Amino acid sequence: QAWTEQARWLQFMGATTRHPMEVETALPQGDPWSMPAMSAMLTAGLLTAEARWPTAHHAVYVDDRSWCTYDPDTHVQVRAHWQPYARTIGL
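It should be emphasised that the depicted structure is a prediction, and the values quoted were computed from it without experimental measurement. The residue numbers shown here count from 1 along each chain, following its written sequence. This being a predicted model, a pLDDT of at least 70 is required before a residue's local features are given, and a value of 80 or more before pairs of side-chain atoms are given or counted; all residues contribute to the totals for chains, interfaces and linings. Neither water nor hydrogens contribute to the side-chain values; these are computed over all heavy atoms in the structure.

### A look at helix α1 (residues 34-52)
For α1, built from 19 residues, the straight-helix expectation of 27 Å at 1.5 Å per residue is met to within 8% by its first-to-last C-alpha distance of 28 Å. By definition, a residue's bend is the angle between the axes fitted to the seven residues ending there and the seven starting there. The helix count covers DSSP runs of H or I at least four residues long, the strand count covers runs of E at least two residues long, and both are numbered beginning at the N terminus. At T43, α1 shows its largest bend, some 35°. Buried within α1 we find S34, A37, M38, L42, G45, L46 and A49. Next to the buried residues of α1 lie β5 (57-61), β6 (64-68) and α2 (72-88). Expected helix span is computed as 1.5 Å times (number of residues minus one). Partly exposed describes any residue whose relative accessible area lies between the buried limit of under 20% and the exposed limit of over 50%, with all areas from a 1.4 Å probe on protein chains only and scaled to the type maximum. Contacts are residue-level and defined by heavy atoms, with any inter-residue pair within 4.5 Å sufficient.

Here you go:
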């Protein structure tokens, strides 16, 4: 249940929400398996992006996906690749 039923209190500048936000699926903060799990989930998308757009520079860290291209069309294509992928894995 730690990965499927979480309650999180949001904080900003010293203020905390009265009621927690219910999170259905998320990697628990502080869980030692969270980083390897997130890396594993993004690896397939990264390998696909690197194979399809070898001239672009790709980087993935935890839940961040970054890329640099020399032409706008490639940028749009890489972005179109990551949007549904990220949605599918819950980012």
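Now that the structure has been shown, we can carry on.
### Here's the deal with the packing of aromatic side chains
Side-chain rings of Phe, Tyr and Trp, where Trp is taken by its six-membered ring, are said to pair if the distance between their centres is within 6.5 Å; with planes under 30 degrees apart they count as stacked, over 60 as edge-to-face, and otherwise as tilted. With the rule as written, the count across this model stands at 1 aromatic pair. Aromatic side chains W82 and Y85 sit 5.5 Å apart centroid to centroid with 85° between the ring planes, which places their arrangement in the edge-to-face category. Here W82 pairs with Y85, and both are found in helix α2, just 3 residues apart, close to one helical turn. Classification of Y85 by relative accessible area gives partly exposed; the value is 22%.

### A look at the environment of P36
With respect to the helices and strands, P36 occurs in helix α1. Given a relative accessible area of 40%, P36 falls into the partly exposed group. For the pair P36 and V62, spaced 26 residues apart in sequence, the C-alpha separation works out to 8.5 Å.

### What about the side chain of T69?
For T69, the position within the fold is in the loop between β6 and α2. The class of T69 is buried, set by a relative accessible area of 18%. Polar contact criterion, stated in full: a pair of N or O atoms within 3.5 Å, where within protein one must be able to donate a hydrogen and the other to accept it, and residues adjacent in sequence count only if both atoms are side-chain atoms. Engagement of the side chain of T69 in a polar contact is seen with the backbone oxygen of D71, the distance being 3.1 Å. In contact with T69, other than residues within four places in its own chain, are A56, T74 and H75.

### Quick look at the confidence of the model for the protein
Do not read the predicted coordinates in detail wherever pLDDT is low. Confidence of the predictor at the level of single residues is given by pLDDT, which spans 0 to 100. This prediction gives the protein a mean pLDDT of 86; 91% of its residues lie at or above 70. Averaged pLDDT values for the elements of the protein fall to 80 in strand β1 (residues 6-8) and rise to 94 in strand β3 (residues 15-16).

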